[in-house]
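# Architecture and fold: a report
Letter by letter, the chains look like this.
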Amino acid sequence: MSVLGSLTRRLGHHRWFAAAARLLVPADRAVGRLTRGRVVALGLAPSLVLTTTGRRSGKPRSNPLLYVRDGDAYVVTGSNWGQTHHPGWTMNLLALPDAEVAVRGRRISVRAQVATGEERERLWRLLVTEWPAYQTYLRRAGGREIRVFRLVPVGRGAPADADDRG
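In short, a report on the structure. In this text the structure is predicted, and so the values were computed from the model without any measurement.

### Overview of the sheet that holds strand 3 (residues 68-70)
One open sheet holds the seven strands; their spatial order is 2-1-5-6-7-4-3, and the pairing between them is antiparallel. The sheet is open, and its two edges are formed by strand 2 (60-66) and strand 3, each paired on a single side. Adjacent strand axes in the sheet meet at a mean angle of 35 degrees, parallel and antiparallel pairs treated alike. Judged from the six bridges that link them, strand 5 (residues 98-103) and strand 6 (residues 106-114) form a sheet pairing that is antiparallel. By the bridge assignment, alanine 102 is partnered in strand 6 with arginine 107. Here helix 3 (residues 88-95) sits on the sheet in contact with strand 1 (47-53), strand 2, strand 4 (73-77), strand 5, strand 6 and strand 7 (148-153), set at roughly 55 degrees to strand 1.

As structure tokens, this is what we get:
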């Protein structure tokens, strides 16, 4: 892990960091689009761009997200930086679980599965290992259970290697 990545993980616990990062999400989306998903989150953490279908609009909605691997699947969480409401993309996945991820420039069709019970706890531990600030976000979320999703590749485009971290 780079020095900058390590510093970012430490700063991730601070409220000002979450507020600043929320403001940078539109720029991160733009960089992700311009680089076709090759650069997300400035390369500071393993990140992907998730494209869901808007549950009301039917339009594609893209969001840069930190992920961890679980076998061939990508695991993401709707922490929403510790806000008390769920991010819109999680509601899109609940309504329409078929989506697409861009990881290091590769587009992969996925189907979202909401993790529950022991599986959710196991996946949560993987996420917290990668981004310890998720524990802080959980405390800030005001009792909201933060959703955890496994994004399972479907059809062609499934990952060929186990280490495609962004």
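From this point, the discussion proceeds with the structure in view.
### Section: unusual backbone geometry
At asparagine 80, a residue that is not glycine, the phi angle is positive and equals roughly 55 degrees. Mapped onto the elements of the fold, asparagine 80 is located in the loop between strand 4 and helix 3. Positive phi outside glycine occurs at tryptophan 81, with the angle close to 60 degrees. Following the sequence through the fold, tryptophan 81 ends up in the loop between strand 4 and helix 3. Taking relative accessible area as the criterion, tryptophan 81 reaches 24% and is therefore assigned partly exposed.

Definitions and cut-offs
- Residues numbered from 1 in each chain as written.
- Predicted model: local features only at pLDDT ≥ 70, side-chain atom pairs only at ≥ 80, totals over all residues.
- Heavy atoms only, no water.
- Pairing = 2+ DSSP bridges.
- Helix = DSSP H or I, 4+ residues; strand = E, 2+ residues; numbered from the N terminus.
- Axes fitted to C-alpha atoms, helices over the stretch in contact; angles between N-to-C directions.
- Contact = heavy atoms within 4.5 Å.
- Buried < 20%, exposed > 50% of the residue type's maximum accessible area, 1.4 Å probe, protein only.

So yeah, pure geometry; function would need other evidence.
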